Number of protein chains: 2
Amino acid sequence: MNIGVDIGGMSVKAGIVDDYGKIIYKKAIPTGASRKSYEIVKDIINLITELISSPHAKNNTISSIGIGIPGAFDQSEGKIIECGNINLKNIPLTYEIKKYTDIPVYLNNDANCAALAEYIYCNDKPDCFIAVTLGTGIGGGIILDGRILSGINGFAGEIGHMVISESGNHCNCGRDGCWETYASVTALINQTKEAILANPQSLMNTLINGELKNTNGKTAFDAAKQGDAIAISVVEKYIHYISVGIVNLINIFRPNVIAIGGAISKEGDFLLNPIINYCNKKVYASSTSENKTKLTTTKLGNDAGIIGASLLYRSIGE
Amino acid sequence: MNIGVDIGGMSVKAGIVDDYGKIIYKKAIPTGASRKSYEIVKDIINLITELISSPHAKNNTISSIGIGIPGAFDQSEGKIIECGNINLKNIPLTYEIKKYTDIPVYLNNDANCAALAEYIYCNDKPDCFIAVTLGTGIGGGIILDGRILSGINGFAGEIGHMVISESGNHCNCGRDGCWETYASVTALINQTKEAILANPQSLMNTLINGELKNTNGKTAFDAAKQGDAIAISVVEKYIHYISVGIVNLINIFRPNVIAIGGAISKEGDFLLNPIINYCNKKVYASSTSENKTKLTTTKLGNDAGIIGASLLYRSIGE
């Protein structure tokens, strides 16, 4: 059994996870992201030691502790370099935890952890697996031969900041035309609002009760399913943007599997089938390839972070 | 010692290469790309057997034969799936060669082989190394932990077909806005011609003797070095396009090293320094990363294909 810890801006979630990736017990605490670093670290350590000594672990030895953070890290030093909006910059978290336990501690990026968990839940353990999460931005994790592609300081997999439209929409990262400015859920909501403003007769306007602030990632999809022409064009354009980035990833990696996650993936085949059709037409030399990249949706939801963190020992090795 | 074979549209080059990647002896024959498949295969086998029995290999056992092809392959069956403009589609080349020798035979994509060779010549053997070749198109090879990222049927690394300008220039692959339509040497020549047509007073027009057909990949760079303002703007725009794709690759892989190759890489620091400056400003969260991706030029030139093919046994393993 292993412990997986998923450090997020709102909460720190931790779980005791068996060797097959099944959560036996889990607990969450508020992060208190803007508190003093030592206060945040102390709560994380308390949470971990509580799990180690909990009845759920009593009859089993915890073999490793894995931690996912929304940021960059130095694996060799076990140090967090930066951690999103959480006040844990330049904190030697592994070192601090090792003061309290001899159990090995592994650190990685949270999106990489989630991808690792999704990979473990693939029956056929593909040589190359990519998880794409469409959310506020676009996150990604790349698993090669069962190991996370971490890159320098865990920065690999920032696929949302792949420019697909040079000199296009400005992105917070400082570049123009990043994929996430077109294909994240944030982008979809913006595209939906623009379409409603330009076409107040659209069913979408009814669904939001005429209040733009009620627009969410489902608005266009819900109206499109009811045949609203404006909504259909919003969804088609949005799926086009997703597909442009997906085909880029296929041409770069030619992976066995790409799994699309985030709340939007609940749209299922309504989302997936047009992407698959686009890929069949647009992937480089796809007509000559007998084995195409399989596109699917992710399986694990919010638990992926805990599960993946608990499995880090497999990916990183000793 | 190993034999490396680089199958190209014009010639088949083969060499005896020592375990350090040094070519001991090499020979080239015309490919005769449109001949019957069995004639092309026969010549390749004759070339290989000639090398095996040559005086240069006499005192040494050839341990493996590696073959690079400009196309896709099935490693498990040792079969070429498609091979650019060469009539070797669906040919079980490994099987054919094994009729004549017991030496293990490895097959891979030629751009991957060239990248492997460049990697071997890196002193520090980076965990993640990417070779980018700017030529007629843009080719790439990705080396992770000393092994080629092949992808399904060797199709990984088609980085030239990463869209950077959705709904931009049409590409032969069927998509719009592929990187190679902006940053290949072909693209540079088109951009140079357009600038000359619009600005006949440019020094570039003098350098080509007023004949657009004399334009090549050096025209804009040569005139820019002499201070021609129009040429400077062509070069700046071209370097911008290269940089957009390079930063995409850094954000996806955060590799230790990216090496830029192709004839244009002879421009050296004049090409490389502005790309490095762009990356320093534009890479995702670069300010928080202590270790940046190192950008350099390739070292091996045309021999990279032979050397890399000869080293395939290292990358693929038994």
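Here, the structure is the one placed above.
Thresholds, definitions, all that
Residues numbered from 1 in each chain as written. Chains lettered and ligands numbered in written order. Predicted model: local features only at pLDDT ≥ 70, side-chain atom pairs only at ≥ 80, totals over all residues. Heavy atoms only, no water. Pairing = 2+ DSSP bridges. Helix = DSSP H or I, 4+ residues; strand = E, 2+ residues; numbered from the N terminus. Contact = heavy atoms within 4.5 Å. Axes fitted to C-alpha atoms, helices over the stretch in contact; angles between N-to-C directions. Buried < 20%, exposed > 50% of the residue type's maximum accessible area, 1.4 Å probe, protein only. Salt bridge = Lys/Arg side-chain N within 4 Å of Asp/Glu carboxyl O. Phe/Tyr/Trp six-rings, centres within 6.5 Å; stacked < 30°, edge-to-face > 60°. Lys NZ or Arg CZ within 6 Å of the ring centre and 35° of its normal. Core = buried A, V, L, I, M, F, W, Y, C linked by side-chain atoms within 4.5 Å. Parallel < 35°, antiparallel > 145°, perpendicular 65-115°, else oblique. Left-handed = near helix turned anticlockwise from the far one by under 90°. Nonpolar A, V, L, I, M, F, W, Y, C, P; charged D, E, K, R; others polar. Least-squares fit on C-alpha atoms with pLDDT ≥ 70 in both.

J.: Please set out the sheet that holds strand S9 (residues 138-144) of chain A residue by residue, giving values where relevant.
T.: All names here are of chain A. With mixed pairing, the five strands of this open sheet are ordered in space as S10-S9-S8-S11-S12. Edge positions in the sheet fall to strand S10 (147-148) and strand S12 (294-297), since each has one partner strand and no second. Pairing of strand S8 (residues 128-134) with S9 involves seven bridges; the strand directions are antiparallel. Its bridge partner being in S9, Val132 is matched across the sheet by Gly140. Across the sheet, helix H9 (residues 229-253) touches S8, S9, strand S11 (257-261) and S12, and the angle it forms with S8 is around 155°.

J.: So what's going on with the pairing of strand S4 (residues 64-69) of chain A? Residues and values would help.
T.: Two faces make up the sheet, and in a regular strand the side chains alternate between them. Residue and element names in this part refer to chain A. In terms of burial, S4 is largely enclosed, as six of its six residues are buried. Residue alternation in S4 divides its side chains into two sets, Ser64, Gly66 and Gly68 and Ile65, Ile67 and Ile69, and both sets are buried. Pairing geometry for strand S1 (residues 2-7) and S4, over five bridges, is parallel. Residue Ile3 lies in a different strand from S4, and its bridge partner there is Ile65. Two elements, S4 and strand S7 (residues 105-109), share five bridges in a ladder whose sense is parallel.

J.: Account for the pattern of salt bridges, with residues named and values stated.
T.: Residue and element names in this part refer to chain B. Applying the stated rule across the entire model yields 14 salt bridges over all chains. Residue Lys13 pairs with Asp6 through a salt bridge whose shortest N-O separation is 4.0 Å. Exposure remark for Asp6: the relative accessible area of 12% places this residue in the buried category. Between Glu96 and Lys99 there is a salt bridge, with its nearest N and O atoms 3.1 Å apart.

J.: Tell me about the packing of aromatic side chains, residues and numbers included.
T.: Two aromatic rings are characterised by how far apart their centres lie and by the angle between their planes. Inspection of every chain in the model, using the stated rule, returns eleven aromatic pairs over all chains. Where Tyr119(A) meets Phe129(A), the ring centres are 6.2 Å apart and the plane angle is 65°; that geometry is what we call edge-to-face. Of this pair, Tyr119(A) sits in helix H4 (residues 110-120) while Phe129(A) sits in strand S8, and the two are ten residues apart along the sequence. The pair Tyr119(A) / Phe129(A) is uniform in exposure class, with both members buried. Taking 4.9 Å as the distance between ring centres and 55° as the angle between the ring planes, the aromatic pair formed by Tyr182(B) and Tyr241(B) counts as tilted. Of this pair, Tyr182(B) sits in helix H5 (residues 180-183) while Tyr241(B) sits in helix H9 (residues 229-253), and the two are 59 residues apart along the sequence. For Tyr241(B), a relative accessible area of 10% puts it in the buried group. Three or more aromatic residues joined by ring pairs form one cluster here, namely Phe221(A), Tyr238(A) and Phe270(A). A cation sits over an aromatic face here: Lys225(A) above Phe270(A), 5.2 Å from the ring centre.

J.: Let's hear about the nonpolar core: which residues, and what values?
T.: Of all hydrophobic cores here, the largest spans 108 residues; its most connected members are Ile246(A), Phe253(A), Ile246(B) and Phe253(B). Not counting chain neighbours up to four residues away, the residues in contact with Phe253(B) comprise Leu149(A), Gly151(A), Ala156(A), Ile252(A), Phe253(A), Cys128(B), Ile130(B), Ile142(B) and Leu149(B).

J.: Please provide a residue-by-residue account of the packing of helix H6 (residues 185-198) of chain B against H9(B), values included.
T.: Residue and element names in this part refer to chain B. It is the contact of H6 with H9, at a shortest axis distance of 10 Å, that shows an interaxial angle of 150°. Here H6 is positioned roughly antiparallel relative to H9, judged by the angle of their axes. Of the two elements, H6 crosses H9, and the hand of that crossing is right-handed. Within the contact between the two elements, H6 uses Val185, Leu188, Gln191, Thr192 and Ala195 and H9 uses Ile230, Val234, Tyr238 and Tyr241. Its residues assigned to classes, the contact of H6 with H9 comprises seven nonpolar, two polar and no charged.

J.: For the relation of the copies chain A and chain B, give the residues involved together with the corresponding values.
T.: Structural alignment of chain A on chain B gives an RMSD of 0.0 Å, achieved by rotating through 180° and translating 0.0 Å along the axis. The superposition of one copy onto the other is thereby described by a two-fold rotation axis. Taken as a fraction of all interface residues of chain A, those also at the interface in chain B reach 100%, which identifies the copy contact as same-surface.

Everything listed is a geometric property; what it means functionally is a separate question.
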